[in-house]
Every structure is written in structure tokens, then in C-alpha cells.
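Coordinate analysis (summary)
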Amino acid sequence: MTSVIICAGGTASRMDPYSREIPKSLFELEPGVTIIDHIIRRIKNVNPKRIILVTGEKFKELFEEKLGNDVEVLGVREEDFGNLYTVYVALNRLEEDEPFLISM
């Protein structure tokens, strides 16, 4: 079984002012269905060992409330944030040689 790492903490500056208080992955595609709901639903179809979502520290609580115990949510400080660092943080949660998939 493969674990999945989701990088979900970009600032979405082109979506400003909408992205100031909510990350773009929590934007709704249709009423009641967010982008992250859509992604998680697809990922669960492959029965992953675990799902780890990494986001900016200021959005960590929003994702925890939204996703509950189905997803391990990690927060990083914005000044440390970047795709490579995000993956690094998540990889520290995996076992050595554990296969994984990255989703942006």
C-alpha cells in the first residue's frame, strides 16, 4: 500500500482577496464539495495506507476540522513553505523505503 502526500498550502495570491481567509483547496467546486473533497475522494479509491496533507500553519485547523481523522494534517510556517520543504516535512512521517505518491 502506498501513502499519499498532499501539498496544499500555496498562498493563491492570484485569488486574492478570496484566498486571505481560506486556502484555494477549500474553495467549493459546487455547493458543499470543496477541491480537497474531490481530491481526497479520488485518492481513497486506491485505498492508500495513509494520507498526509501539508499546509501553512494558519490553515492547519481549517483542514483538521474539514477532514477529521481521515487525513493527517501537518502545518508549516509560511516563511519555510515551498513544495520541496513541504514534501520533506511529510517524508519525515513515513517509514524508511515506504512508497508514496505526491499530489499538488
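Every value quoted in this text rests on a predicted model; they were computed, and no experiment measured them.

**Focus on the packing of aromatic side chains**
In this structure the tally under the stated criterion is one aromatic pair. Plain terms: the ring middles of Y85 and Y88 are 6.1 Å apart, the flat faces sit at 35° to each other, and that makes the pair tilted. With a gap of three residues between them, Y85 and Y88 both fall in helix α3 (residues 83-91), about one helical turn apart. Classification of Y88 as exposed rests on a relative accessible area of 51%.

**Digging into the side chain of S103**
Here S103 lies in strand β6 (residues 100-103). According to the relative accessible area criterion, S103 is buried, its value standing at 16%. In this view, S103 contacts I5, I6, C7 and I39; residues no more than four positions away in its chain are not counted.

**Things to note about the pattern of salt bridges**
In total, this model carries seven salt bridges according to the counting rule given. Across the pair K66 and D37 runs a salt bridge whose closest N-O atoms are separated by 2.9 Å. Of this pair, K66 sits in helix α2 (residues 60-67) while D37 sits in helix α1 (residues 35-44); the two residues are 29 residues apart in sequence, bridging distant segments of the chain. Residue class for D37 comes out buried when judged on its relative accessible area of 16%. Note that K49 is salt-bridged to E98, the shortest N-O span being 3.9 Å. Of this pair, K49 sits in the loop between α1 and β4 (51-56) while E98 is found in the loop between α3 and β6, placing the two residues 49 residues apart along the sequence. Bridged by salt links that share partners, the residues K49, E95 and E98 form one connected network.

Thresholds, definitions, all that
- Residues numbered from 1 in each chain as written.
- Predicted model: local features only at pLDDT ≥ 70, side-chain atom pairs only at ≥ 80, totals over all residues.
- Heavy atoms only, no water.
- Phe/Tyr/Trp six-rings, centres within 6.5 Å; stacked < 30°, edge-to-face > 60°.
- Helix = DSSP H or I, 4+ residues; strand = E, 2+ residues; numbered from the N terminus.
- Buried < 20%, exposed > 50% of the residue type's maximum accessible area, 1.4 Å probe, protein only.
- Contact = heavy atoms within 4.5 Å.
- Salt bridge = Lys/Arg side-chain N within 4 Å of Asp/Glu carboxyl O.

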